[in-house]
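# Structure at a glance
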Amino acid sequence: MLNFLKQVGDYAKESFQAAKYIGQGLSVTFDHMQRRPVTVQYPYEKVIPSERYRGRIHFEFDKCISCEVCVRVCPINLPVVDWEFNKAQKKKQLKHYSIDFGVCIFCGNCVEYCPTNCLSMTEEYELSAYDRHELNYDNVALGRLPANIKDDPMVTPMREFAYLPKGVISPHDLPAGARRAGRRPEELLEELEAELAASEATAETK
Ligand code: SF4
Ligand code: SF4
């Protein structure tokens, strides 16, 4: 009997949770029904990607130690690390490095695990090419810094949708100089530094 009651209780709990999740999903749908379409007139207007956007990978040749960790953690073993052993220095010497962005899934594993932080993900998302072989970036192409949308005088940068202030639906409606939603990375950094300083001060007084 107790077992039966427990089963009924579990069933009721799961049904309630399912109804809650359906309600949450529908609330997003209804929210979108009130919005109007927003068209970004690319390439004259471009959306600024968010800070953690995973775009084209940047590579710093001088920092690479040819450890091949990036190859091992890559789900498709994609980065090509071409090195030779330097007998005089008794260490590996990098000759070439390449990543094929026609195959890369931009998961960021290589960036996450690289021990020398010589890989980083940039905000560059315009990688189209007529020939797929052009997407195979060598260390020179990977070493190029990404172009900043805001520096291009021919382009109107559009604020990324997640950072629009409350009530603003289109970046076109934004008054000039309006502050973005949420805190800026430098503000978060300041806050973290203040917290760290406060915790160090309390540790010293103990
Ligand atoms: S993990 Fe980093 S240091 Fe190691 S080979 Fe890859 S890019 Fe170079
Ligand atoms: S981003 Fe992911 S798929 Fe692309 S090279 Fe790095 S680990 Fe491989």
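Everything numeric here is computed off the predicted structure, so don't read it as measured data.

## Points about the packing of aromatic side chains
Under the criterion given, the structure shown has 5 aromatic pairs. Pairing Phe59 with Tyr97 gives two aromatic rings, centres 4.0 Å apart and planes at 10°, and the pair type is stacked. One end of the pair, Phe59, is in strand β2 (residues 57-59); the other, Tyr97, is in strand β4 (residues 91-100), with 38 residues separating them in the sequence. Aromatic rings pair up to connect Phe59, Phe61 and Tyr97 into one cluster. In this structure, Lys92 is placed above the aromatic ring of Trp83, and the distance from its NZ or CZ to the ring centre is 4.5 Å.

## Side note on the site of ligand 1
Close to ligand 1 lie 14 residues, the nearest being Cys64, Cys67, Glu68, Cys70 and Cys114. In this structure, ligand 1 is accommodated by the second largest cavity. Among the residues making up the shell around ligand 1, the classes are represented as 11 nonpolar, 2 polar and 1 charged.

## Digging into the pairing of strand β3 (residues 80-86)
For a regular strand, the rule is simple: side chains alternate between the two faces of the sheet. By the bridge criterion, 7 bridges tie β3 to β4 in an arrangement that is antiparallel. By the bridge assignment, Val80 is partnered in β4 with Ser98. In textbook terms, the turn of a hairpin is the stretch between consecutive antiparallel strands, and for β3 and β4 this stretch comprises 4 residues, one of which, Lys90, has a positive phi near 55°.

## Re the layout of surface pockets
In this structure, the largest pocket occupies an estimated 370 Å³ of space. Around the largest pocket, the lining comprises 18 residues; the ones closest to its centre are Ile48, Pro49, Glu51, Lys150 and Arg180.

Cut-offs used in this document
Residues numbered from 1 in each chain as written. Chains lettered and ligands numbered in written order. Predicted model: local features only at pLDDT ≥ 70, side-chain atom pairs only at ≥ 80, totals over all residues. Heavy atoms only, no water. Phe/Tyr/Trp six-rings, centres within 6.5 Å; stacked < 30°, edge-to-face > 60°. Helix = DSSP H or I, 4+ residues; strand = E, 2+ residues; numbered from the N terminus. Lys NZ or Arg CZ within 6 Å of the ring centre and 35° of its normal. Near = heavy atom within 4 Å. 1 Å grid on protein atoms, 1.4 Å probe; cavity = no way out; pocket = protein on both sides within 12 Å on 5 of 7 lines; lining within 4 Å. Sits in = over half its atoms within 2 Å of the grid points. Nonpolar A, V, L, I, M, F, W, Y, C, P; charged D, E, K, R; others polar. Pairing = 2+ DSSP bridges. Points joined across faces, edges and corners; volume = space filled by probe spheres on them.

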